[in-house]
Amino acid sequence: MSKFENKVDFVALISVTNANSNGDPLNGNRPRTDYNGFGEISDVCIKRKIRNRMQDMGEEIFVKSDDRCDDGKISLKDRANETLSKIKDENEFLTTACDKWLDVRAFGQVFSFKAFACKSVGVRGPVSIHQATSADPVEIESMQITKSVSGERKDASTKGSDTMGTKHFVRFGLYEIKGSINVQLAEKTGFSKEDAEIVKKCLSSLFVNDASSARPDGSMEVVKLYWFEHNCKDGQYSSAKVHKLVNVKLKDGVVMPSSVDDYDISVNELPELKCEEVECV
């Protein structure tokens, strides 16, 4: 494994068309928006999709969703038990966990399980991701739907209330994901150059194998991924300054965007900062 030595910042642009980009369970599963109507996708949602892609690529991950569990473990404690439960030294615990699971050495993890020799160990990961926000306010539509079969019925002459439902979706939105990879934290978890390449591949193919009734295949797409590599450990520039290099604005005359073609997308430059436009799947 090659040592990760240069700070990385990245920006991904994703289009959402007639899909629920990230439902809010406290708001009837409507797509998340802020008070000004801009769409949002939580960082937790984005990391879940990256973990799924890691798993698709054959990498060992610790935090697996129930519907993607492939090792027979019914909980995180169950998954950690065989490998970590008897380790008493905190540094050995951290190293063992990071060596085994890619998502732990990438995103970090808090291990706090009863009956473990180490009661609580926290791992800070080098990969940080912001919540995604849309370039402009998004239009959310709601559709009443019906099911042909009742889940519950009192008798044959009546219909159950569960035959009715509501489906919410974003008509169109262009969202921006920002993130960074910190060298100092990568050194502590053993995160390598090869691991960074996997994260890059995951971001460029974020919605492969992610289809559902709320997100039909093709309704969400990574349209641009910019990968900025600094020439030193700490970076020549702040992440905030690098993220602002990507400019997204509506074309003249466009009031309500309906596709990514309604935007002008450009990237400014900074001296000695390498920018790679990654091919997206």
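Look up a bit, the structure's there.
Residues numbered from 1 in each chain as written. Predicted model: local features only at pLDDT ≥ 70, side-chain atom pairs only at ≥ 80, totals over all residues. Heavy atoms only, no water.

*Asks:* Explain helix H1 (residues 43-56) to me, please; I cannot follow it from the model alone.
*Replies:* The periodicity of an α-helix, 3.6 residues per turn, causes residues three or four places apart in sequence to face the same way. Between its terminal C-alpha atoms H1 stretches 20 Å, which fits the 20 Å expected from 14 residues at 1.5 Å a residue. For H1, the buried fraction is high: 10 of the 14 residues fall into the buried class. Within H1 the residues assigned to the buried category are Cys45, Ile46, Lys47, Lys49, Ile50, Arg51, Asn52, Arg53, Met54 and Gln55. Positive phi appears at Gly58, one or two residues downstream of H1, with a value of about 90°. (Helix = DSSP H or I, 4+ residues; strand = E, 2+ residues; numbered from the N terminus. Expected span 1.5 Å × (residues − 1). Buried < 20%, exposed > 50% of the residue type's maximum accessible area, 1.4 Å probe, protein only.)

*Asks:* Please clarify how the side chain of Asp136 should be interpreted in this entry.
*Replies:* For Asp136, the position within the fold is in strand E8 (residues 132-137). Reaching out from Asp136, the side chain makes a polar contact with the side chain of Tyr263 at a distance of 2.7 Å. (Polar contact = N/O pair within 3.5 Å; in protein donor to acceptor, adjacent residues only side chain to side chain.)

*Asks:* Would you mind showing me how to read the pairing of strand E10 (residues 164-181) here?
*Replies:* Residues in a regular strand project their side chains so that they alternate between the two faces of the sheet. Most of E10 is tucked away: 13 of the 18 residues are buried. Looking at chain direction, strand E1 (residues 8-19) and E10 are connected through 11 bridges and run antiparallel. Bridge pairing links Val16 to Gly173 in E10. Inspection of the sheet shows strand E7 (residues 127-129) paired to E10 by three bridges, in the antiparallel sense. Within the sheet, the bridge partner assigned to Val127 lies in E10 and is Ile181. Pairing analysis gives seven bridges linking strand E9 (residues 140-146) to E10, with the strands arranged antiparallel. Its bridge partner lying in E10, Ile145 is registered against Gly165. (Pairing = 2+ DSSP bridges.)

*Asks:* Can you help me understand the packing of aromatic side chains in this one?
*Replies:* What the rule picks out here adds up to eight aromatic pairs. With a centroid separation of 5.8 Å and 80° between ring planes, the pair formed by Phe4 and Phe191 is classed as edge-to-face. Highlighted residues: Phe4 in the segment before E1 and Phe191 in the loop between helix H5 (183-189) and helix H6 (193-204), separated in sequence by 187 residues. The two residues Phe4 and Phe191 agree in class, both being buried. Pairing Phe10 with Trp227 gives two aromatic rings, centres 5.5 Å apart and planes at 10°, and the pair type is stacked. One end of the pair, Phe10, is in strand E1; the other, Trp227, is in strand E11 (residues 220-229), with 217 residues separating them in the sequence. A residue is classified by how much of its surface remains accessible, and Phe10, at 0% relative accessible area, is buried. For Trp227, a relative accessible area of 4% translates into the label buried. An aromatic cluster is built from Phe62, Phe93, Trp101, Phe111, Phe113 and Phe116, whose rings are joined through pairwise contacts. (Phe/Tyr/Trp six-rings, centres within 6.5 Å; stacked < 30°, edge-to-face > 60°.)

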